[in-house]
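A look at the structure
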Amino acid sequence: MTRVAAFSPARRAFLRGGVQAEPALRPPWALDEPNFLVACDGCGVCIEACPEHVLARSEGGYPVFDPMLGECLFCEACVTACIPRALDKTQAQPAWRLKAGIASTCLAKNGVTCFSCRDACGEMAIRFRPAQGGAAPELDTDRCTGCGACVGICPVSAISLARPENPHG
Ligand code: SF4
Ligand code: SF4
Ligand code: SF4
């Protein structure tokens, strides 16, 4: 039986089918969105447990990952803290399918020297290739873990995270 214990605005909107066009970036190892919204009771313990302070409470009261706040280290502290198991390593693998995307507003793509994202990426997922007027960043999606380290560091906010393979993944 589907458990629907609380009726926050976000959950009511979800049950009515009023889901946001852009799915929220949930913490790592979150259940798929419908099951996450059922399991998560909005306690916020995962937010408090995160040593990097990259989790925040969304308007609807549920936790979201905000890469503008920093990098997820995949330390699992949020998963361990989640009593209702809305974050669950045994159910959700990989941690998420988020990948970085670099917009056309990137300085380097417009002839201005900038290597900030490459320098921030511990996975070496961003490489620069010669381009007209300089060198432009290219993402190696196989290497990218979606950690978000490159997002907040970009001086023109040209990088965002998304789920390229499955918008609800
Ligand atoms: S895995 Fe660690 S760093 Fe990442 S959101 Fe959870 S507690 Fe924060
Ligand atoms: S940090 Fe931003 S502006 Fe600089 S190269 Fe990377 S995407 Fe482009
Ligand atoms: S999200 Fe993380 S792994 Fe992916 S390109 Fe950015 S810094 Fe590198």
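All values derive from a computational prediction rather than experimental measurement.

Attention now moves to the nonpolar core. In terms of nonpolar packing, the biggest core is built from 40 residues, with Phe36, Leu55, Phe65, Leu87, Cys150, Ile159 and Leu161 touching the most fellow members. Those elements that place two or more of their residues in this core are helix 2 (33-39), helix 3 (45-49), helix 4 (77-81), strand 3 (99-102), strand 4 (126-131) and strand 6 (159-162). Of the residues forming this core, the biggest block, three residues, is contributed by helix 2. Composition of this core by domain shows at least three residues from each of domain 1 (9-81) and domain 2 (99-162). Setting aside residues no more than four positions away along its own chain, Phe36 makes contact with Arg26, Ala30, Leu31, Tyr62, Pro63, Ala86 and Leu87.

Neighbouring ligand 1 are 13 residues; Cys50, Cys72, Cys75, Glu76 and Cys78 lie closest to it. When the residues that make up the shell around ligand 1 are grouped by side-chain class, the tally is 11 nonpolar, no polar and two charged.

Here the focus is the pairing of strand 6. Side chains Ile159 and Leu161 of strand 6 all project onto a buried face; the interleaved residues Ser160 and Ala162 project onto a face where none is buried. Judged from the four bridges that link them, strand 3 and strand 6 form a sheet pairing that is antiparallel. The partner of Lys99 across the bridge, within strand 6, is Ala162.

Taking the numbering used here, the UniProt-annotated feature "binding site: [4Fe-4S] cluster 2" (unreviewed entry) corresponds to Cys72, Cys75, Cys78 and Cys82. Tracing the backbone shows Cys78 in helix 4. Residue class for Cys78 comes out buried when judged on its relative accessible area of 7%. Excluding its chain neighbours within four sequence positions, the residues that come into contact with Cys78 are Pro28, Cys46, Leu55 and Leu87. Its place among the elements puts Cys82 in the loop between helix 4 and strand 3.

Calculation notes
- Residues numbered from 1 in each chain as written.
- Chains lettered and ligands numbered in written order.
- Predicted model: local features only at pLDDT ≥ 70, side-chain atom pairs only at ≥ 80, totals over all residues.
- Heavy atoms only, no water.
- Core = buried A, V, L, I, M, F, W, Y, C linked by side-chain atoms within 4.5 Å.
- Buried < 20%, exposed > 50% of the residue type's maximum accessible area, 1.4 Å probe, protein only.
- Helix = DSSP H or I, 4+ residues; strand = E, 2+ residues; numbered from the N terminus.
- Domains from an automatic or database assignment.
- Contact = heavy atoms within 4.5 Å.
- Near = heavy atom within 4 Å.
- Nonpolar A, V, L, I, M, F, W, Y, C, P; charged D, E, K, R; others polar.
- Pairing = 2+ DSSP bridges.
- UniProt positions renumbered as here; feature names shortened; annotations may be inferred.

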